[in-house]
Every structure is written in C-alpha cells, then in structure tokens.
Amino acid sequence: GAVVSQHPSRVICKSGTSVKIECRSLDFQATTMFWYRQFPKQSLMLMATSNEGSKATYEQGVEKDKFLINHASLTLSTLTVTSAHPEDSSFYICSAPRGRSTDTQYFGPGTRLTVL
Amino acid sequence: SQQGEEDPQALSIQEGENATMNCSYKTSINNLQWYRQNSGRGLVHLILIRSNEREKHSGRLRVTLDTSKKSSSLLITASRAADTASYFCATDAEKGGSEKLVFGKGTKLTVNP
C-alpha cells in the first residue's frame, strides 16, 4: 500500500536554531501534501497545504515566515521551523492524498520536535 | 477550525466490551473518515463513509452517519487491549474541491485487559 515517510522521527534542538522536517510519498506522486501540528492530548491542527510548483497555502494564524514549506518534487515536501522556540515544541505530521480526493489520504508517522 | 467534535473525550472499558464513540460536525460534507492514533505515532485510516451512506462495516468496526443530524458514530465490538488508542473523525469540505481534512478533538479509548 501507499506509504508516507517523515524524517526525522524525533529532533531536539536549541532555541533559535532552525529545523527541517521531510515528508516523502514513497510509492506515489503527490502534488499536494498537508502539514499538521498536534499538541499533547489534542487533535491535529492543519497548518498549511504544500503545493508542488507553487507557494504553500497557510491556515489562518500560522506564520508563513516561521514555518517555511517547500514542495521540491512530486514526492517530497519539507517543513522548516525557523528560529525555533520552546513553544514550537510539538508533534508535526504530514499527509498526502493519492489522487485528487480525500478518500485515500496517507499520513506520515510524525516528527516529535523538542526545542530546549 | 476544528469541525468535528467527538464524545466522549475519554472512554475506559473492559476487554470484550463494545466501545462507541460519537462525532458531530457543522458543515456539509462529501465523506467522513475515522482514524486511529497510538500514543506518539502517526494516524492510521480505519474507515470512510460517504455522505450518501448510512452505515458501513469493516471487521469489528461499524460506522454510522446521519447527515440530517451531522453526526457519526464509531462502534468497536468485542474490544481488545490492543484497541487502546485515540480515535479521531475527520471531514472534508463538500464544496470547493479542497482535499483538506478537518479533524475532531478525538476520543481516548482505554481497553483494560
């Protein structure tokens, strides 16, 4: 079946540094990928839609300069948390729909970011 | 914004019992999906029910959808300790062609052996 991978699975960084998270669709092409953030014991909050060949679409309240998204190819989207602060510590999950509908959307295993 | 609202927020049952979780949403949808998440892990797709369907089964899972009430339920029968996880409903937007999913707050299910 379709698989979406994320790398790294865990990252610990110092405050002020930037962290890049990769999301890859392994056996299908994805012109669109989604990035979610999840705080402990809470639901997934959509941060942005990553579009191959064009700019990402950010949800209201998400700082585009803080969370840089680059959809480099049809199988790779990256999320860079710039100048990370402790409040950016969270679980970040990506997903990729197969085709144009939400019927078959596959989720990555998530990346746990801890900013000290 | 979060559209789905699950209840209960937490549910604790004994192995072998049935678990029922509910989800309500606010806008018209094309389909509603249920996902499972083990602690600190990614999401696993469980089942999708379309807006023109009322009930769907998959193994020990039974999902109902009532579009007039904008609600859905997930029933897990004969629960097992391995079913312990958080369960989320997710809805898409009927209009606009968006592939975005909006997740509910989730129900944390604990199945005690």
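A. Broad picture of the sheet that holds strand 1 (residues 4–7) of chain A. Residues and elements named next belong to chain A. Read across the open sheet, the 4 strands follow the order 1-3-8-7; overall the sheet is antiparallel. Unpaired on one side and paired on the other, strand 1 and strand 7 (67–73) mark the two borders of the sheet. Between one strand and the next, the sheet's axes are offset by a mean angle of 15°, whatever the strand orientation. One ladder, built from 6 bridges, connects strand 3 (residues 19–25) with strand 8 (residues 76–81); its direction is antiparallel. Across the sheet, cysteine 23 pairs through a bridge with serine 77, a residue of strand 8.

B. Structural view of the pattern of salt bridges. All names here are of chain A. Per the stated rule, a full pass over the model turns up 6 salt bridges over all chains. For the salt bridge of lysine 66 with aspartate 88, the shortest nitrogen-to-oxygen distance reads 2.7 Å. With lysine 66 in the loop between strand 6 (57–58) and strand 7 and aspartate 88 in the loop between strand 8 and strand 9 (90–97), this pair connects stretches of sequence that are 22 residues apart. The burial state of lysine 66 is the same as that of aspartate 88; both residues are buried.

C. Region of interest: the nonpolar core. Core analysis: the largest hydrophobic core is formed by 24 residues, its most contacted members being Trp35, Phe67, Ile69, Leu79, Tyr92 and Leu113 of chain A. Judged by nonpolar contacts, the second largest core, of 20 residues, contains Leu32, Ile47, Ala85 and Cys89 of chain B.

D. Just the interface of chain B and chain A, in detail. Between chain B and chain A, the contact holds 21 residues from the first and 24 residues from the second. Summed over both sides, the interface of chain B with chain A buries roughly 1,600 Å², with 50% coming from carbon and sulfur. Among the residues of chain B in contact with chain A, Leu43, Glu99 and Lys100 of chain B are the three that bury the most area, contributing 36% of the side total. With a shortest N-O distance of 3.1 Å, lysine 100 of chain B and glutamate 59 of chain A are connected by a salt bridge. The interface formed by chain B and chain A holds 4 residue pairs in polar contact (both at pLDDT 80 or more) in total. At the level of elements, strand 4 (31–37) and strand 5 (43–50) of chain B are the ones that each hand at least two residues to the side of chain B that touches chain A.

E. Seen up close, the state of the cysteines. All names here are of chain A. Scanning the entire structure with this criterion turns up 2 disulfides over all chains. Here cysteine 23 connects covalently by a disulfide to cysteine 94, the sulfurs 2.0 Å from one another. Where cysteine 23 bonds to cysteine 94 through sulfur, the torsion about that S-S bond is close to 80°, and the disulfide is right-handed. Placement of cysteine 23 in strand 3 and of cysteine 94 in strand 9 is noted, with a sequence separation of 71 residues between them. Residue classification places cysteine 94 among the buried positions, given a relative accessible area of 0%. Cysteine cysteine 13 is unpaired, with the sulfur of cysteine 94 as its nearest cysteine sulfur at 18 Å.

Procedures and definitions
- The residue numbering used here restarts from 1 in each chain and proceeds along that chain's sequence as written.
- Chains and ligands are labelled by the order in which they are written, letters from A for the one and numbers from 1 for the other.
- Only residues with pLDDT of at least 70 are given local features in this predicted model, and only at 80 or more are side-chain atom pairs given and counted; all residues enter the totals for whole chains, interfaces and linings.
- Calculation of side-chain values draws on the structure's entire complement of heavy atoms; hydrogens and water are dropped beforehand.
- Only strands that DSSP links by at least two bridges are regarded as paired with each other.
- Put simply, DSSP H or I for four residues or longer makes a helix, DSSP E for two residues or longer makes a strand, and each gets a number counted from the N terminus.
- Orientation is described by lines fitted to C-alpha atoms, with helices fitted over the stretch in contact, and by angles between N-to-C directions that extend from 0 to 180 degrees.
- Within this document, salt bridges are pairs made up of a side-chain nitrogen of Lys or Arg and a carboxyl oxygen of Asp or Glu, the two lying within 4 Å of each other.
- Think of it in three bands: with a 1.4 Å probe and only protein chains considered, a residue is buried below 20% of the maximum accessible area for its type, exposed above 50%, and partly exposed in between.
- Nonpolar cores were defined as sets of buried Ala, Val, Leu, Ile, Met, Phe, Trp, Tyr and Cys residues, with membership established by side-chain atoms within 4.5 Å.
- Residues are treated as being in contact if the distance between any of their heavy atoms lies within 4.5 Å.
- A quick way to say it: buried area is the sum, across both parts, of accessible area lost when two parts are put together, with a 1.4 Å probe.
- Polar contacts here mean pairs of N or O atoms no more than 3.5 Å apart (in protein, one a potential hydrogen donor and the other a potential acceptor; neighbouring residues in sequence count only if both atoms are side-chain atoms).
- Here, two cysteine sulfur atoms that lie within 2.5 Å of each other are counted as a disulfide.

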